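# Secondary and tertiary structure notes
Residue-level listing of the chains:
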Number of protein chains: 2
Amino acid sequence: MNPLIVEAALQQARRAYRADEVPVGAVVFDSRTGAIVARASNRVEAAQNPTAHAEMRAIQKACQKLRTKFLTGYSLFVTLEPCAMCAGAIAWARLDALHYGAFDPKTGAVRQGAKVFSRRQTHHKPRVRGGIAAAECGGLMTSFFKDKR
Amino acid sequence: MNPLIVEAALQQARRAYRADEVPVGAVVFDSRTGAIVARASNRVEAAQNPTAHAEMRAIQKACQKLRTKFLTGYSLFVTLEPCAMCAGAIAWARLDALHYGAFDPKTGAVRQGAKVFSRRQTHHKPRVRGGIAAAECGGLMTSFFKDKR
């Protein structure tokens, strides 16, 4: 995994943290060249929109920029294991691959729980790799929720 | 289930059909009074946005109108069993109840597949009832895809 892509997503997550949003960042990039086409942070609070997760926003931005509903040829990196909503969106967008940072036993739906990509009802299944830069990605979450207590 | 709410969602689904979109419609309404606060149709093709499902758009519209990220006190009716993405969004929005029309063995994630509301990782679980006006709701889908072949 290209460290520049991981760093770009972490930058988005830190930006969310500073804005008092759950610190998650996502990046959509060209699967072959690694060129970044969209980056986004979680904005649920600012937008008062429960669907404004980093992955959703990165997918929407990439589709808008590329004028397509299918992100074939592109991959997504997100700092946290996606929830059911975001995993579903990744499948609908037909992204080649999902790379993610920290595992999320609390709301994750890729490695655990709904296991969206293991279902017959999910017609597109990206390549999946989790646990990338997990300490740094997960550390932001731990620190954010510790501050909240 | 209030037939006016079902009819409002069916109207949205028919509107999608006429626009050559997969015919699904959704409505967010006050759980107590039945007053409709948002209605939306599937707009994936027109928006070239893979996340623009009827449920997502109805939730986003309702949150915008009510200036809130939580739709506690409100319920959603959608003509088709939600997919994983939409079921996840329904949970994040904390809707009181999900009522839906036709069961969807192909992409559904409520009664089948990911079974999003049966997971420990899904923290809010709405009351769920499916199969409402299923013949009419599902008939639109069958007819749409028959036209496509």
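Predicted model only: the values in this text are computed from it and were never measured. (Residues numbered from 1 in each chain as written. Chains lettered and ligands numbered in written order. Predicted model: local features only at pLDDT ≥ 70, side-chain atom pairs only at ≥ 80, totals over all residues. Heavy atoms only, no water.)

## Describing the overall build of chain A
Looking only at helices and strands, chain A has five helices and five strands in total. Secondary structure elements in chain A, listed N-terminal to C-terminal, are α-β-β-α-α-β-α-β-β-α. Classification of the 149 residues of chain A by burial places 58% in the buried group. Across chain A, the fraction of contacts at a sequence separation of at least 24, relative to all contacts at a separation of at least 6, is 57%. Across chain A, the centroid of the 23 positively charged side chains sits 7 Å from that of the 11 negatively charged ones. (Helix = DSSP H or I, 4+ residues; strand = E, 2+ residues; numbered from the N terminus. Buried < 20%, exposed > 50% of the residue type's maximum accessible area, 1.4 Å probe, protein only. Contact = heavy atoms within 4.5 Å. Lys, Arg positive; Asp, Glu negative; His and termini not counted. Charge placed at Lys NZ, Arg CZ, Asp CG, Glu CD.)

## A word on the packing of aromatic side chains
Both the distance between ring centres and the angle between the ring planes are used here to describe each pair of aromatic rings. Going through the model one piece at a time under the given rule, you end up with six aromatic pairs over all chains. When the ring of B:Y100 is compared with that of B:F103, the centres are 5.7 Å apart and the planes differ by 90°; the resulting orientation is edge-to-face. Between B:F144 and B:F145 the ring centres are 5.2 Å apart and the planes differ by 90°, which places this aromatic pair in the edge-to-face class. Accessibility expressed as a relative area gives 4% for B:F144, which makes it buried. The structure contains a cluster of three or more aromatic residues connected by ring pairs, namely A:Y17, A:F144 and A:F145. Here the basic side chain of A:R94 rests over the ring of A:F70, its NZ or CZ set 3.8 Å away from the ring centre. When the ring centre of B:F145 is taken as reference, the NZ or CZ atom of B:K106 above it lies at 5.9 Å. (Phe/Tyr/Trp six-rings, centres within 6.5 Å; stacked < 30°, edge-to-face > 60°. Lys NZ or Arg CZ within 6 Å of the ring centre and 35° of its normal.)

## Observations concerning the interface of chain A and chain B
With 33 residues of chain A at the contact, the number on the chain B side is 33 residues. A buried area of about 2600 Å², summed over both sides, lies between chain A and chain B, and 63% of it is on carbon and sulfur atoms. At the boundary of chain A with chain B, the tally comes to two salt bridges. Between B:K69 and A:E45 there is a salt bridge whose closest N-O contact spans 2.4 Å. The interface formed by chain A and chain B holds nine residue pairs in polar contact (both at pLDDT 80 or more) in total. Contributing elements (two or more residues each) for the side of chain A that touches chain B: helix 2 (44-47), helix 3 (54-66) and helix 4 (84-92) of chain A. No other element matches the five residues that helix 4 of chain A contributes to the side of chain A that touches chain B. (Buried area = accessible area lost by both parts, 1.4 Å probe. Salt bridge = Lys/Arg side-chain N within 4 Å of Asp/Glu carboxyl O. Polar contact = N/O pair within 3.5 Å; in protein donor to acceptor, adjacent residues only side chain to side chain.)

## Structural notes on the pairing of strand 2 (residues 36-41) of chain A
Examined bridge by bridge, strand 1 (residues 25-30) of chain A and strand 2 of chain A share five bridges and lie antiparallel to one another. Bridging from a neighbouring strand, A:V27 pairs with A:R39 of strand 2 of chain A. (Pairing = 2+ DSSP bridges.)

## A look at the side chain of A:H53
Relative to the helices and strands, A:H53 is located in the loop between helix 2 and helix 3. Those residues in contact with A:H53, other than ones at most four positions away along the chain, are A:N42, A:V44, A:C83, A:M85, A:C86 and B:W92.

## As for the sheet that holds strand 1 (residues 25-30) of chain B
All names here are of chain B. If you walk across this open sheet you meet the five strands as 2-1-3-4-5, and the pairing is mixed. Edge positions in the open sheet fall to strand 2 (36-41) and strand 5 (127-129), since each of these has one partner strand only. Averaged over all pairs of adjacent strands, the angle between strand axes in this sheet comes to 15°, irrespective of strand direction. Two strands pair when backbone bridges link them, and strand 3 (residues 74-80) and strand 4 (residues 97-102) are joined in this way by five bridges, in the parallel orientation. (Axes fitted to C-alpha atoms, helices over the stretch in contact; angles between N-to-C directions.)

## Things to note about the confidence of the model for chain A
Averaged over chain A, the pLDDT score is 97; the fraction of residues at 70 or greater is 100%. Interface confidence for the predicted complex, given as ipTM, is 0.97, next to a pTM of 0.97. (pLDDT = per-residue confidence, 0-100.)

## Details of the environment of A:D96
Residue and element names in this part refer to chain A. Of note, D96 is situated in the loop between helix 4 and strand 4 (97-102). As for D96 and L140, which are separated by 44 residues in sequence, their C-alpha atoms are 27 Å apart. Residues within four places of D96 in sequence aside, it is in contact with S31, L71, T72, G73, Y74, S75, P126 and R127.

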